[in-house]
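Chain and residue survey
So you can see what is in the structure, the chains are spelled out below.
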Amino acid sequence: MTTSGRMELVCPAGTPSALRAAVQAGADSIYCGFRDETNARNFPGLNFSPQEMAEGIRFAHAHGSKVLVAINTFARAGDTDPWRRAADTAAACGADAVIAADIAVLDHMATQHPGTRLHLSVQAAAATPESIGFYADAFNVRRVVLPRVLSVQEIATLNRLIKVETEAFVFGGLCVMIEGRCYLSSYAAGRSPNLNGVCSPPEMVSYDEDREGTAARLAGFTIDRYAPGEPAGYPTLCKGRFKAGDKAGYLFEDPVSLNAGSMIVAFKAAGVTALKIEGRQRGKGYVTEVVRAFRKAVDAAEQGHDATEIDNILAGLSEGGRQTTGAYRKIWR
Amino acid sequence: MARVALTLGPLFFHWPAERLRNFYFRIADETALERIHVGEVVCGKRMPFSDPVWPEIIERLERGGKEVVLSTLAAPATVRERKAIAELCADGRVVEINDITALPARSGRPFVTGPFLNVYNEATARFLMRHGAITICPPVELSLNTVGTIAGACPEAEFELFAFGRLPLALSGRCYHARLHGLHKDSCQFTCEQDPDGLAVDTLDDQSFLAINGVQTLSAEVHAALFEPATLLRHGIRRLRLSPHDCNMVEVAHIYRSLLDGTQDADGARFLLSCLDLPGRLVDGYAHGKAGAQPAMPA
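Residues numbered from 1 in each chain as written. Chains lettered and ligands numbered in written order. Predicted model: local features only at pLDDT ≥ 70, side-chain atom pairs only at ≥ 80, totals over all residues.

1. Regarding the overall build of chain A
What counts, and what does not: Helical segments are the DSSP runs of H or I of at least four residues, strand segments are the runs of E of at least two, and each set is numbered from the N terminus. Atoms counted for the radius of gyration: C-alpha only. Globule rule: 2.2 Å times the number of residues to the power 0.38. Each residue is represented by a C-beta atom placed from its backbone, and any two residues with such atoms within 7 Å are regarded as in contact.
When its secondary structure is counted, chain A shows 11 helices and 16 strands. Its C-alpha radius of gyration of 20 Å places chain A within 12% of the 20 Å reference for a compact globule of 333 residues. Overall size of chain A, expressed as C-alpha extent along the three principal axes, is 60 × 50 × 40 Å. Sequence separation of 24 or more characterises 62% of the internal contacts of chain A that already satisfy a separation of 6 or more.

2. Regarding the pairing of strand β4 (residues 97-100) of chain A
Residues and elements named next belong to chain A. Put simply, the test is: With C-beta atoms placed from the backbone, the exposure class of a residue follows from how many other C-beta atoms lie within 10 Å of its own: 20 or more, buried; 12 or fewer, exposed; in between, partly exposed. Being paired, for any two strands, means DSSP has found at least two bridges between them. With the strands pointing away from the viewer, any crossover whose connection runs clockwise from the first strand over the helix to the second is right-handed.
Residues A97 and I99 line one face of β4 and the alternating positions V98 and A100 line the opposite face, and both faces are buried. Sheet analysis places strand β3 (residues 66-71) next to β4, joined by 4 bridges and oriented parallel. Note on β4: the bridge partner recorded for L68 is A97. As a crossover connection, the stretch from β3 through helix α3 (residues 81-92) into β4 is right-handed. Examined bridge by bridge, β4 and strand β5 (residues 117-120) share 4 bridges and lie parallel to one another. Within β5, the position partnered with V98 by the bridge is L118. Assessed by its sense of winding, the connection that carries the chain from β4 through helix α4 (residues 103-112) to β5 is right-handed.

3. Describing the environment of I155 of chain A
Residues and elements named next belong to chain A. With respect to the helices and strands, I155 occurs in helix α6 (residues 152-161). Between the C-alpha atom of I155 and that of A270, which follows or precedes it by 115 residues, the distance is 6.3 Å. Setting aside chain neighbours within four positions, we find I155 in contact with L146, L150, T166, A168, A270 and V272.

4. A word on the interface of chain B and chain A
A common way to report how large an interface is uses the accessible area buried once the components associate. The following threshold applies: Polar here means any residue other than Ala, Val, Leu, Ile, Met, Phe, Trp, Tyr, Cys and Pro, which are nonpolar, and Asp, Glu, Lys and Arg, which are charged; Gly is therefore polar.
Each partner contributes to the interface: chain B provides 51 residues, whereas chain A provides 52 residues. Of all the secondary structure elements, the ones that give two or more residues to the side of chain B that touches chain A are α5 (103-106), α6 (122-131), α7 (144-153), β7 (158-172), α8 (176-180), β8 (199-203), β9 (208-213) and β10 (216-224) of chain B. Of the residues contributing to the side of chain B that touches chain A, the split by class is 28 nonpolar, 14 polar and 9 charged. For strand β12 (residues 242-244) of chain A and β8 of chain B, the ladder comprises 3 bridges, and the chain directions are antiparallel. Looking at the pairing, A244 of chain A lines up with V201 of chain B of β8 of chain B.

5. A few points about unusual backbone geometry
Phi angles above zero are rare outside glycine, and N47 of chain A is one such case at about 85 degrees. Mapped onto the elements of the fold, N47 of chain A is located in the loop between β2 (29-32) and α2 (50-62). You can call N47 of chain A buried: it has 25 C-beta atoms within 10 Å. Backbone geometry places Q189 of chain B, a non-glycine residue, at a positive phi of 60 degrees. Mapped onto the secondary structure, Q189 of chain B falls in the loop between α8 and β8.

6. Brief notes about the pairing of β9 of chain B
Residues and elements named next belong to chain B. Of all 6 residues in β9, 5 are buried, a share of seventy percent or more. The antiparallel pairing of β8 with β9 creates a hairpin that spans 4 residues between the two strands, and D206 there sits at a positive phi of about 65 degrees. Two strands pair when backbone bridges link them, and β9 and β10 are joined in this way by 4 bridges, in the antiparallel orientation. In the strand pairing of β10, I212 is matched with T217. Connecting β9 to the antiparallel partner β10 that follows it, the hairpin turn spans 2 residues, and G214 within it adopts a positive phi of roughly 65 degrees.

7. Overview of helix α1 (residues 17-30) of chain B
Residue and element names in this part refer to chain B. Short version of the rule: Helices are assigned an expected span. That span is 1.5 Å times one less than the residue count. Directions from the helix axis toward the C-beta atoms define the arc.
For α1, which comprises 14 residues, the first-to-last C-alpha distance of 20 Å matches the rise-based estimate of 20 Å (1.5 Å per residue) to within 8%. For α1, the set of buried residues is L20, Y24, I27 and A28. End-on view of α1: buried residues confined to an arc of 100 degrees, all on one side of the axis. Relative to its buried face, α1 has exposed residues pointing more than 90 degrees away, namely E18, N22 and D29. Of the surrounding elements, those touching the buried residues of α1 are β1 (5-8), β2 (35-38), α2 (47-50), α3 (54-63) and α10 (249-261).

8. Overview of the packing of helix α1 (residues 16-24) of chain A against α2 of chain A
Residue and element names in this part refer to chain A. Selection criterion: Angles run from 0 to 180 degrees between N-to-C directions of axes, and those axes are lines fitted to C-alpha atoms, restricted for helices to the stretch in contact. If an angle is under 35 degrees, it is roughly parallel; if it is over 145, roughly antiparallel; if it lies from 65 to 115, roughly perpendicular; otherwise it is oblique.
Direction vectors running N to C along α1 and α2 enclose 10 degrees, while the axes themselves pass 10 Å from each other. With respect to their mutual orientation, α1 and α2 come out roughly parallel. Here P16, L19, R20 and V23 of α1 come into contact with α2, specifically with E52, E55, G56, F59 and A60. Residues of the contact of α1 with α2, tallied by class, amount to 5 nonpolar, 1 polar and 3 charged.

9. Considering α10 of chain B
Residue and element names in this part refer to chain B. The terminal C-alpha atoms of α10 lie 18 Å apart, and with 13 residues this matches the ideal 18 Å at 1.5 Å per residue to within 8%. Those residues of α10 that are buried lie in contact with β1, α1, β7, α9 (229-234), β11 (237-242) and α11 (266-274). Where α10 terminates, the next one or two residues include G262, which has phi positive at roughly 80 degrees.

10. Digging into the domain arrangement of chain A
Residue and element names in this part refer to chain A. Basically, it comes down to this: Domain borders in the structure are assigned automatically or taken from a domain database.
What the domain assignment lists for chain A is domain 1 (8-174 + 256-332) and domain 2 (184-249). Each partner contributes to the interface: domain 1 provides 8 residues, whereas domain 2 provides 5 residues. When grouped by side-chain class, the residues that make up the side of domain 1 that touches domain 2 number 3 nonpolar, 3 polar and 2 charged.

In structure tokens form, the structure reads like this:
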């Protein structure tokens, strides 16, 4: 579906204070999850208790913002209750929507909480009119978070063929694999996004010094090597340096993050309803800065400013880290 | 005692038409495999090469008494790929669904759910069974116990365990063969054809790790879930899936059949597999609820 209204800015919150920061920085919606394996950012010290969720939703509503609750991992066989409970709690807290990927969770929401809006998580990897149509018809899903495989031209075409809203990632961490369909982490380290809500788990990371410098390892597999004195990055599996054939380097993806800020105008033209910032693991200072900049950029796009002016607004966000527009430009493939 | 059946899963790799024909003719003539999946699942761009030979292969397999299942693409994107899925779903044979894209076209008629479909629990399995799922091959990262839990709650469906081959670990919008060769996906020159089992990816410390196959990433090592038939049946597993590789698959099928018939034990089967010219070492961590890369150990 192609929407013509003002684009919605969807911002991350890993903690109640990040939620308040995002609201105050101008987020239209905040997405967050419960403090357990029902959400795909299941990191120590992050996320919300049921009471914090209820308070966060009250705070957001009082300030005119919405809260979208992510229950976006796959329910455990023989023990689906925690996922049903999370869905029930989200509905009881007055969540504006639940973001889900697992058919079990979607089915539970559709039958038990038909009044709560359902968004399809990026973890469901629905990229075609047929699959999005299926989720819309079967569960009354109202919005799909698009997998990061589509170019902006393809998103425009897709929007003409589907009857639900689309939400596109615009900034933050970038998965190079199709999310929800990647088991690299459990292959190396035993825990994965789908099973546990974690990727490249920190407890399996080691930095080992030797004569050649530092090896960043995940469960004993060398994900990258750094010369003495070179700053070592986190060994996220798909962003490491490997060898294949006679070549060595970043075979899957360079250590870049997504910044599609320059494409906000294109997203609007493509009929995208909402722009999503990744980063529930980030602190409130980061959330404030990024949300504030994107608020300005989205407002500028709505007022008809062009991509160059929007680039200038977002220029301060690059932090020296390398960035990419990812699959939104076809050349990435 | 009930019999555990053997399936040959869909080929993940880009083999030339002649090689496909020879391979499947041998499977038809020389193996005791009951069900054979045919069709391209990884990359729609390869379909013009293999499409012309599938009818002949299907005819030969069916003449040899095999049940043929038509596998469909795991990550369809283009109009042509979506159309190919719709056409396959209209076939009278059983179809394997590897993406939800195929579900509306197939709902109400029998299908297999492949390991690319996220069936992690009994509620999802039951939902898909209501739409026509008859055989469910869950994602490879699930353990025997977990698959057993789902199967126990869904006795009407047949559960299938991914039991042999490099593990399909990830799909991407990006083609890694093209990227490695400095090419763009849209003009990839089909360099994936040079690697009939995928191209090995080692760590900078020369640890064997992964393998790339176009848009797909697999394990470098070869997963071998070797359980005796009583154990499988106790967990509700009635079918094992062997994934085709550029090794002696007739012998692989024979080893698994011997294990399932009780003429070979798991340690013996593991030894016999290790004697073959496989693309990697044997691992079985996933089957035991551990990291998938854990080496296969004698029981």
